[in-house]
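A look at the structure
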Amino acid sequence: MSLPDKAFPVSWDQFHRDARALAWRLAGLNSEFKAIVCITRGGLVPAAIISRELNIRLIDTVCVASYHDYANQGEMNLLKSIAPELTADGGEGVLVVDDLTDTGKTAAEVRTMLPKAHFACLYAKPKGVPTIDTFITEVSQDTWIYFPWDMGFTYQEPIAKGHRG
Ligand SMILES: O=P(O)(O)OC[C@H]1O[C@H](OP(=O)(O)OP(=O)(O)O)[C@H](O)[C@@H]1O
Ligand code: HPA
Ligand SMILES: [Mg+2]
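No experiment lies behind these values; they were computed from the predicted model shown. Residue numbers run consecutively from 1 along every chain, following the written order of its sequence. Whichever chain is written first is A, and whichever ligand is written first is 1; the rest continue in order. Only residues with pLDDT of at least 70 get local features here, since the model is predicted, and only at 80 or more are side-chain atom pairs given and counted; chain-wide, interface and lining totals rely on the full set of residues. Neither water nor hydrogens contribute to the side-chain values; these are computed over all heavy atoms in the structure.

A few points about the overall build of the chain
- Every helix listed is a DSSP run of H or I at least four residues long, and every strand listed is a run of E at least two residues long, numbered separately from the N terminus. Within the chain one finds four helices and eight strands.
- Starting at the N terminus and walking to the C terminus, you meet the elements of the chain as β-α-β-α-β-β-α-β-α-β-β-β.
- Here the globule rule reads 2.2 Å times residues to the power 0.38, and the radius of gyration is calculated from C-alpha atoms. Taking 165 residues into account, the globule formula puts the C-alpha radius of gyration at 15 Å, and the chain, at 16 Å, falls close to it.
- Seen through its principal axes, the chain has C-alpha atoms that stretch 60 × 35 × 25 Å.
- In the chain, the share of contacts with a sequence separation of at least 24, taken over all contacts with a separation of at least 6, comes to 60%.
- Surface exposure of the chain reaches about 9500 Å², of which carbon and sulfur atoms provide 54%.
- Distance from the positive charge centre (16 side chains) to the negative charge centre (20 side chains) of the chain: 3 Å. Between two residues, a contact is recorded if the distance between any of their heavy atoms is within 4.5 Å. Note on areas: Shrake-Rupley with a 1.4 Å probe; residue coverage comes only from the protein chains shown. When charges are counted, Lys and Arg contribute as positive and Asp and Glu as negative, whereas His and the chain ends are disregarded. In this description, the location of a charge corresponds to atom NZ of lysine, CZ of arginine, CG of aspartate or CD of glutamate.

Let's talk about the nonpolar core
- By nonpolar core we mean a set of buried residues, namely Ala, Val, Leu, Ile, Met, Phe, Trp, Tyr and Cys, connected to one another through side-chain atoms within 4.5 Å. A simple rule labels every residue: compare its accessible area, found with a 1.4 Å probe on the protein chains alone, to the largest value its type can have, and call it buried under 20%, exposed over 50%, or partly exposed in between. If you look at the biggest cluster of nonpolar residues, it comprises 22 residues, and the most contacted ones within it are F15, L22, L26, I36, I50, L95 and Y123.
- Counting residues per element, the ones that place at least two in this core are α1 (12-27), β2 (35-40), α2 (44-54), β5 (94-101) and β6 (118-124).
- Per element, the largest residue contribution to this core is five residues, and it comes from α1.
- The next biggest cluster of nonpolar side chains, apart from the first, holds 19 residues, and it includes V37, V94, V96 and M113.

Some details on the packing of aromatic side chains
- What counts as a ring pair is set by centres within 6.5 Å for rings of Phe, Tyr and Trp (its six-membered ring), and what kind of pair is set by the plane angle: stacked under 30 degrees, edge-to-face over 60, tilted for all other angles. Counted according to the given criterion, the structure contains six aromatic pairs.
- Consider the rings of Y123 and F147, whose centres lie 6.1 Å apart with planes at 40°: the pair is tilted. A residue pair is termed long-range when its members are at least 10 positions apart, and Y123 in strand β6 and F147 in the segment after β8 (143-146) qualify at 24 residues. Residue Y123 shares its accessibility class with F147, and that shared class is buried.
- Residue F147 is classed as buried on the basis of its relative accessible area, which comes to 5%.

Concerning the pattern of salt bridges
- The working definition used for a salt bridge is a side-chain nitrogen of Lys or Arg within 4 Å of a carboxyl oxygen of Asp or Glu. One pass over the full model with this rule turns up eight salt bridges.
- Across the pair K80 and D60 runs a salt bridge whose closest N-O atoms are separated by 3.0 Å. Linking K80 in strand β4 (residues 72-80) with D60 in strand β3 (residues 59-69), this pair joins segments that are 20 residues apart in sequence.
- You can call K80 partly exposed: its relative accessible area is 32%.
- Each member of the salt-bridge network shares a partner with another, and the members are R20, R52 and E53.

Some thoughts on the side chain of D18
- Checked against the element boundaries, D18 lands in helix α1.
- Buried charge without a partner: D18 forms no salt bridge, and the closest opposite charge is R17, 7.6 Å away.
- Among residues more than four places away in sequence, those in contact with D18 are L122, Y123 and I136.

Observations regarding the site of ligand 2
- As a structural note, the neighbourhood of ligand 2 is formed by Y67, L100, D102, K125, W144, I145 and F147.
- In the environment of ligand 2, an oxygen atom lies 2.8 Å from a nitrogen or oxygen atom belonging to the side chain of K125.
- Polar contacts here mean pairs of N or O atoms no more than 3.5 Å apart (in protein, one a potential hydrogen donor and the other a potential acceptor; neighbouring residues in sequence count only if both atoms are side-chain atoms). Between a nitrogen atom of ligand 2 and a main-chain N or O atom of I145, the distance comes to 2.6 Å.
- Expressed as a share of its isolated accessible area of 260 Å², the protein-covered part of ligand 2 is 86%. Whether a residue is near a molecule or strand depends on its heavy atoms: it is near if one of them lies within 4 Å of it.

Pasting the structure below:
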């Protein structure tokens, strides 16, 4: 897979707003979440904001790596698993948080560990949508989402190529 043509850049400000919007939506479910499991590394950032908004103080991680070089996904490596007390009853009452779902492979893998958990992320591409219970914004499969922690300021080509702004 090469890097998709379309770009969806997300600023810190927009990310914070979208994470708050996700927290509002989760609050509206009236579910009592006893813990957050965030999928590292991308899930760490929304997990911090959601834990603050929903006052969830028990936070665990599941550490998986699959995109080894930029947009190319390889096999899934589990670097650290979830605490047994959270997986014991299938993850009932656990909120799983990630920044995005793309092919859905990461969420599907974590769902095998926590089948009864609620899965939430900010951004979703169509292939990943069925693996997620709550998300904020859908973008097309041929779009790459650029997160603020990966970005710097550079010149942007106009969308219609062949002229300079
Ligand atoms: O739906 P999928 O196709 O599985 O892709 C989604 C996953 O890919 C990214 O993580 P990545 O594996 O790149 O690791 P990172 O969070 O450490 O950047 C993103 O943060 C999701 O966790
Ligand atoms: O669109 C994306 N953006 C950033 N990281 C990702 N990992 C999978 N898809 C994406
Ligand atoms: Mg990730």
